[in-house]
Amino acid sequence: MKRILTPLVAGILAFGIAACSKQGPGSAPVGDASAAAADGKVTVGLAVSTLNNPFFVELRDGAAAEAKKQGVSLITVDAQDDPAKQQASVEDLIQKKVSVILINPTDSSAVANVVKEATSKGIKVVSLDRSVNGAEVSAHIASDNIAGGVMAGQYLLDKLGGKGRIVELEGIAGSSAARERGEGFHQVVDKKEGVKLLAKQPADFDRAKGLSVMENIIQGNKDIQGVFAHNDEMALGAVKAIQAAGLKNVAVVGFDATPDAVAAVKAGTLSATVQQQPALIGQYGVQAAKKLADGQKVDKFIPVPLNLVHQ
């Protein structure tokens, strides 16, 4: 019986390994940490807040390209903007015994416990774009979101001649990106004579919510002159609401410089967007992970340059 079962089991295992090998490093989830370890490869987990946002798709793709270049096995998991799902998926990465986890938190505070769990088991953790609150990580890789908020606020004020009636669309409450971008923006516009903040409401970094929230704001405020959205998806939703309402000469500034946003700037429908470089964030993340897995030190903060794309 043993002689019959052994080749059968071996055949099943071979089929399973072949099936895994057909999946690219950008899928979610992908790969097997134990198989990678057997091949002598470093295995890195990438926990993304959502792949329903072009920004994070670019980040994932940048990480996947660098992983291929470095000979790293990358396992990507998508939380779909659900903190509980992200915790479960990171716990799964821990069970797979990956060497390093790259995490882009859905909620910066909600991931603290699972990050502590990972580090307690010797797994290095690096945060991407959004920081982790309440737990130590080996490195944080991001653009300076506060500086980006300042950049957006200054451009909007310049566009409006230093005064005007403005709206702010906020990202997901609890995310460091929303908090920091808003902080930078308010450093510029708060207490600025002639500037009136008509509304400040969350739209959760989502285009459809950006549209609906902006529609509601417009119902009570027809004299809007400027909008700052914490990301491009909300900005593009706001542009659609503004166009549908027939409002003219409203300057809208987004954040991320996604392909759709850059195209909108070129078309003249979006005034500007703060350019991060998500692919570079993913690339830097894998580079840092490889160094950590090899026992090397990395900087606690690894900055990614910002630019402003404008009309």
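Preceding this paragraph is the structure being described.
Residues numbered from 1 in each chain as written. Predicted model: local features only at pLDDT ≥ 70, side-chain atom pairs only at ≥ 80, totals over all residues. Heavy atoms only, no water.

(A) Geometry of helix α3 (residues 54-70). Taking 1.5 Å as the rise per residue, α3 with 17 residues should run 24 Å; its terminal C-alpha atoms sit 24 Å apart, in good agreement. All of the buried residues along α3 are F55, F56, L59, R60, G62, A63, A64, E66 and A67. Residues of α3 that are buried sit in contact with β1 (43-48), β2 (73-78), β4 (124-128), β9 (251-256) and α11 (278-293). Where α3 starts, the residue carrying a side-chain oxygen 2.9 Å from the main-chain nitrogen of F55 turns out to be N53. G71 lies just past α3 and shows a positive phi near 75°. (Helix = DSSP H or I, 4+ residues; strand = E, 2+ residues; numbered from the N terminus. Expected span 1.5 Å × (residues − 1). Buried < 20%, exposed > 50% of the residue type's maximum accessible area, 1.4 Å probe, protein only. Contact = heavy atoms within 4.5 Å. Polar contact = N/O pair within 3.5 Å; in protein donor to acceptor, adjacent residues only side chain to side chain.)

(B) How the structure looks around the pattern of salt bridges. Within the structure shown, the criterion is met by 11 salt bridges. Where E136 meets K300, a salt bridge forms, and the shortest distance between an N and an O atom there is 2.7 Å. Here E136, found in the loop between β4 and β5 (139-142), pairs with K300, found in the loop between α11 and β11 (301-303); they are 164 residues apart in sequence, far enough to count as distant. Classification of E136 as exposed rests on a relative accessible area of 58%. Two residues, E233 and R207, come together in a salt bridge whose shortest N-O distance is 3.0 Å. A residue pair is termed long-range when its members are at least 10 positions apart, and E233 in helix α9 (residues 232-244) and R207 in helix α8 (residues 207-220) qualify at 26 residues. In this structure, a network of salt bridges that share partners links the residues D129, R181 and D256. (Salt bridge = Lys/Arg side-chain N within 4 Å of Asp/Glu carboxyl O.)

(C) Inspection of the environment of I94 at higher detail. Relative to the helices and strands, I94 is located in helix α4 (residues 83-95). Exposure remark for I94: the relative accessible area of 4% places this residue in the buried category. Through-space distance from the C-alpha of I94 to that of G122 is 9.8 Å; in sequence the pair is 28 residues apart. In contact with I94, other than residues within four places in its own chain, are I101, V114, E117, A118, K121 and I123.

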